[in-house]
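Chain by chain, the residues:
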Amino acid sequence: MRNLITDVAGLKVGHATDLALASGTTAIVFDEPTVASVDVRGGGPGTRETDLLAPDETVGAIHAITLSGGSAFGLDAAGGVMAALAERGIGFPVGNARVPIVPGAVLFDLINGGDKNWGRFAPYRDLGYAAANEAGLDFPLGTIGAGTGATTVNLKGGLGSASMVAASGHTVGAIVAVNACGAVTLGEGPHFWAAPFERGAEFGGLGLPSPLPALPERPPLKGLPPGANTTIALVATDAVLTKAQCKRLAVMAHDGYAHAIWPVHTPLDGDTIFAAATGRRPLNDPIFDLALIGDAVVRTLARACARAVYEATALSQPGAMPAWRDKWAAGAGS
């Protein structure tokens with residue numbers, strides 16, 4: 001396995017990155033129309049086409065999902081992904097027309113560096129188009145795509161991914177852009193909150209510090225205006241699920257954020273998670289298997305959040321957030 005969301009059969013991932021802009025876009029493109037839903041827990045979300053993902057809405061499947069920087073300007077990225085899919089004749093049939101269904105979410109990176117003086121039109125539609133056309137099974141992590149301009153309260157954020165096989169036998173994966181108001185590490189040390197879920201040394205292999213430090217009275221927060229942060233993700237499985245079951249999976253997946261980021265779901269964040277099921281492997285038990293898949297999704301998303309920061313590299317600009325590896329060498333102690 002690649003330890004990427006593309007270990008889930010039926011999807012591909014592409015990035016488009018503009019380092020001068022200090023921003024970018026990530027597109028997840030499905031091989032076939034795919035059942036999906038969403039759950040939003042942050043107080044300042046930026047989303048597109050999320051209403052149709054409710055279990056009672058008409059459209060039963062989607063064609064891609066877009067994660068992007070750019071705040072509300074980044075919502076244009078989904079239009080570029082739509083254009084790339086429309087060129088291939090992909091879309092929801094309405095008479096002779098085909099409409100690609102591309103939900104998306106954005107994070108705020110407008111004041112994290114880079115040249116945002118783009119003129120009349122923001123560049124995110126073109127970035128979305130490029131990301132969709134670059135989609136493949138292998139893709140890099142860190143300061144790339146939607147994670148390019150991402151930060152946390154004390155470290156450079158980024159784009160992360162992970163995968164595993166659930167106890168039910170189904171494959172699950174996660175992809176996440178971490179631009180959190182809070183922290184993914186404990187205090188001022190190199191240890192990740194997600195350490196109990198780590199596999200091998202995928203984000204340094206340091207485990208938790210011993211003894212565990214006492215939590216400060218005041219949690220670590222960036223202190224930016226509402227909506228100026230946000231962690232956005234897609235979790236996926238090869239299971240056969242309904243939209244209602246995908247909704248439950250998205251709800252459960254937010255525990256992955258809670259295990260990896262402190263604090264999370266604040267009024268300053270727009271935390272959003274999409275959940276998709278590519279329908280390659282039936283459930284043996286519709287309730288128990290879903291619980292096992294949900295547990296695996298929580299673990300996988302927590303790991304992906306840590307990998308996003310561990311793999312990130314700092315942007316070369318005045319006042320830029322340091323990358324994890326700039327502060328601590330891999331394998332460092334407390």
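Residues numbered from 1 in each chain as written. Predicted model: local features only at pLDDT ≥ 70, side-chain atom pairs only at ≥ 80, totals over all residues. Heavy atoms only, no water.

1. Examining the overall build of the protein chain
Phase 1 of the analysis: Each helix and strand in the protein chain was counted, giving five helices and 11 strands.
Phase 2 of the analysis: On C-alpha atoms alone, the protein chain measures out to a radius of gyration of 18 Å, which is about the 20 Å that the 2.2 N^0.38 rule sets for 334 residues.
Phase 3 of the analysis: Across the 334 residues in the protein chain, those meeting the buried criterion constitute 58%.
Phase 4 of the analysis: Surface accessibility of the protein chain: about 12900 Å² in total, with carbon and sulfur atoms responsible for 54%.
Phase 5 of the analysis: In the protein chain, the 23 positive side-chain charges and the 29 negative ones have mean positions that sit 1 Å from each other. (Helix = DSSP H or I, 4+ residues; strand = E, 2+ residues; numbered from the N terminus. Rg over C-alpha atoms; globule rule 2.2 N^0.38 Å. Buried < 20%, exposed > 50% of the residue type's maximum accessible area, 1.4 Å probe, protein only. Areas by Shrake-Rupley, 256 points an atom, 1.4 Å probe, with all protein chains shown as cover. Lys, Arg positive; Asp, Glu negative; His and termini not counted. Charge placed at Lys NZ, Arg CZ, Asp CG, Glu CD.)

2. Some remarks on helix α2 (residues 124–133)
For an α-helix, 3.6 residues make a turn, and residues three or four places apart therefore share a direction.
Phase 1 of the analysis: Within the sequence span of α2, burial applies to Tyr124, Leu127, Gly128, Ala131 and Ala132. Along the axis of α2, the buried positions cluster into a sector of 130°, meaning they face one direction only. What points out from α2, more than 90 degrees from its buried face, is the exposed set Arg125 and Asp126.
Phase 2 of the analysis: Considering only its buried residues, α2 is in contact with β1 (11–18), β2 (23–40), β4 (62–68) and α1 (77–87). (Arc of directions from axis to C-beta. Contact = heavy atoms within 4.5 Å.)

3. Digging into the environment of Asn154
Phase 1 of the analysis: The topology assignment puts Asn154 in the loop between α2 and β8 (158–165).
Phase 2 of the analysis: Separated by 168 residues in sequence, Asn154 and Pro322 have C-alpha atoms that sit 7.6 Å apart.
Phase 3 of the analysis: When neighbours within four sequence positions are excluded, Asn154 is seen to be in contact with Ala183, Thr185, Gly187, Met321 and Pro322.

4. Overview of the pattern of salt bridges
Phase 1 of the analysis: Summed over the entire model, instances satisfying the criterion amount to eight salt bridges.
Phase 2 of the analysis: Its salt-bridge partner being Arg2, residue Asp138 comes within 3.1 Å of it at the nearest N-O pair. One end of the pair, Asp138, is in the loop between α2 and β8; the other, Arg2, is in the segment before β1, with 136 residues separating them in the sequence.
Phase 3 of the analysis: Arg2 sits in the partly exposed class, given a relative accessible area of 35%.
Phase 4 of the analysis: Close ionic contact of Asp39 with Lys247 constitutes a salt bridge, the shortest N to O distance being 3.1 Å. (Salt bridge = Lys/Arg side-chain N within 4 Å of Asp/Glu carboxyl O.)

5. Let's talk about the side chain of Ser161
Phase 1 of the analysis: Tracing the chain through its elements places Ser161 in strand β8.
Phase 2 of the analysis: Given a relative accessible area of 0%, Ser161 falls into the buried group.
Phase 3 of the analysis: Among the polar contacts made by the side chain of Ser161, one reaches the main-chain amide nitrogen of Ile5 at a distance of 2.8 Å.
Phase 4 of the analysis: Sequence-distant contacts of Ser161, defined by excluding residues within four places in its chain, comprise Asn3, Leu4, Ile5, Phe139, Leu141, Ala174, Ile175, Ala304 and Arg307. (Polar contact = N/O pair within 3.5 Å; in protein donor to acceptor, adjacent residues only side chain to side chain.)

6. Some details on the pairing of β4
Phase 1 of the analysis: When you tally the buried positions in β4, you get seven out of seven residues, the bulk of the element.
Phase 2 of the analysis: Relative to β4, β2 runs antiparallel, the two being bridged by six bridges. What sits directly across from Ile28, in β4, is Ile65.
Phase 3 of the analysis: Where β4 and strand β7 (residues 104–106) come together, three bridges link them in parallel fashion. Residue Leu67 lies in a different strand from β7, and its bridge partner there is Ala105. (Pairing = 2+ DSSP bridges.)

7. Considerations on the environment of Pro209
Phase 1 of the analysis: Within the element layout of this structure, Pro209 appears in the loop between β9 (171–178) and β10 (231–239).
Phase 2 of the analysis: According to the relative accessible area criterion, Pro209 is buried, its value standing at 16%.
Phase 3 of the analysis: Those residues within four positions of Pro209 in sequence are excluded, and the remaining contacts are Leu186 and His191.

8. Looking at the packing of α1 against α2
The axes of two packed helices give the description: the angle between them and the distance between them.
Phase 1 of the analysis: At a minimum axis distance of 6 Å, the contact between α1 and α2 shows a crossing angle of 45°. Considered as vectors, α1 and α2 are oriented oblique to each other. Along this stretch, α1 crosses α2, giving a crossing that reads as right-handed. Residue-level inspection shows Ala77, Gly79, Gly80, Val81, Ala83, Ala84 and Glu87 of α1 in contact with α2, the latter providing Tyr124, Arg125, Gly128, Tyr129, Ala132 and Asn133.
Phase 2 of the analysis: Of the residues belonging to the contact of α1 with α2, the class tally is seven nonpolar, four polar and two charged. (Axes fitted to C-alpha atoms, helices over the stretch in contact; angles between N-to-C directions. Parallel < 35°, antiparallel > 145°, perpendicular 65-115°, else oblique. Left-handed = near helix turned anticlockwise from the far one by under 90°. Nonpolar A, V, L, I, M, F, W, Y, C, P; charged D, E, K, R; others polar.)

9. Regarding the packing of aromatic side chains
Phase 1 of the analysis: Counted according to the given criterion, the structure contains seven aromatic pairs.
Phase 2 of the analysis: Within the aromatic cluster, the residues linked to one another by ring pairs are Phe192, Phe203, Tyr310, Trp324 and Trp328.
Phase 3 of the analysis: A cation over a ring is seen here: Arg325 above Tyr310, with NZ or CZ 4.1 Å from the ring centre. (Phe/Tyr/Trp six-rings, centres within 6.5 Å; stacked < 30°, edge-to-face > 60°. Lys NZ or Arg CZ within 6 Å of the ring centre and 35° of its normal.)

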